[in-house]
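Commentary on secondary and tertiary structure
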Amino acid sequence: MAVLGIDVSRYQGTIDWEQVKRSDVQFAMIRAGYGNNNIDTNFRRNILECNRLGIPCGAYWFSYALNTEMARNEARFCANALGPYQVDYPVSYDLEYESMAYATQ
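Residues numbered from 1 in each chain as written. Predicted model: local features only at pLDDT ≥ 70, side-chain atom pairs only at ≥ 80, totals over all residues. Heavy atoms only, no water.

**Some details on the pattern of salt bridges**
Selection rule: Here, a salt bridge means any Lys or Arg side-chain nitrogen found within 4 Å of an Asp or Glu carboxyl oxygen. Helix and strand definitions here come from DSSP, where helices need a minimum of 4 consecutive H or I residues and strands a minimum of 2 consecutive E residues; each element is numbered from the N-terminal end.
Applying the stated criterion across every chain, the model contains three salt bridges. Between E18 and R52 there is a salt bridge, and its shortest N-O distance comes to 2.9 Å. Linking E18 in helix α1 (residues 17–22) with R52 in helix α2 (residues 43–53), this pair joins segments that are 34 residues apart in sequence. What you see here is one network of salt bridges that share partners, running through E18, E49 and R52.

Take a look at the structure:
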């Protein structure tokens, strides 16, 4: 049986979480932030709404790290951002091809 989840960040705009709760969506992966302590502008609202409505959620940090020290710092930023919230699903580190391109600009 498949489990349906959604990946959300500021790019999805203001989400109607009540509608999500009524849908077939079973969990959300929420972008907490990216790079050097940049919190996603919709993170707080998204995670508060998931917590309020009982929608299980996980989180991820989009990496721009070029070395181990930068990656450790990003992990700390992510842990600090998640501190006061309930997180039911894993916390992920999102490293993509674009990560290196953005990090070197």
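**Some remarks on the nonpolar core**
For the record, the criterion: Residues enter a nonpolar core if they are buried and are Ala, Val, Leu, Ile, Met, Phe, Trp, Tyr or Cys, with the set joined through side-chain atoms within 4.5 Å. Buried, partly exposed and exposed residues are distinguished by accessible area as a fraction of the type maximum, computed with a 1.4 Å probe on protein chains only: under 20%, between the cut-offs, and over 50%, respectively. For this analysis, residues touch if any pair of their heavy atoms sits within 4.5 Å.
Core analysis: the largest hydrophobic core is formed by 21 residues, its most contacted members being W17, I30, F43, I47, C50 and L82. Elements with a contribution of two residues or more to this core: α1, β2 (27–34), α2, β4 (57–62) and α3 (68–82). Excluding anything up to four places from it in sequence, W17 contacts I6, V8, A28, R45, N46, E49, C50, L53 and I55.

**Thoughts on the packing of aromatic side chains**
Geometry of an aromatic ring pair is reported as the spacing of the ring centres plus the angle between the planes. This is how the line gets drawn: Only Phe, Tyr and Trp rings are paired, with Trp represented by its six-membered ring, and only when their centres lie within 6.5 Å; those with planes under 30 degrees apart are stacked, over 60 edge-to-face, the remainder tilted.
On inspection of all chains with the given rule, the structure shows five aromatic pairs. Consider the rings of Y34 and Y64, whose centres lie 6.0 Å apart with planes at 75 degrees: the pair is edge-to-face. Of the two residues, Y34 sits in strand β2 while Y64 sits in the loop between β4 and α3, which places them 30 residues apart along the sequence. When the centroid spacing of 5.5 Å and the interplanar angle of 70 degrees are considered together, the rings of F62 and Y64 count as edge-to-face. Its relative accessible area of 21% is what places Y64 among the partly exposed residues. These aromatic residues form a ring-pair network of at least three members: Y34, F62 and Y64.

**What about the pairing of strand β5 (residues 91–94)?**
A regular strand places its side chains so that they alternate between the two faces of the sheet. What counts here: Between any two strands, pairing holds if DSSP finds at least two bridges. Call a crossover right-handed when, viewed with both strands pointing away from you, the route from the first strand across the helix to the second goes clockwise.
Here β4 runs beside β5; their pairing, made up of four bridges, is parallel. Residue pairing for β5: A59 is matched across the bridge by V91. Following the backbone out of β4, through α3 and into the adjacent parallel β5, one traces a crossover that is right-handed.

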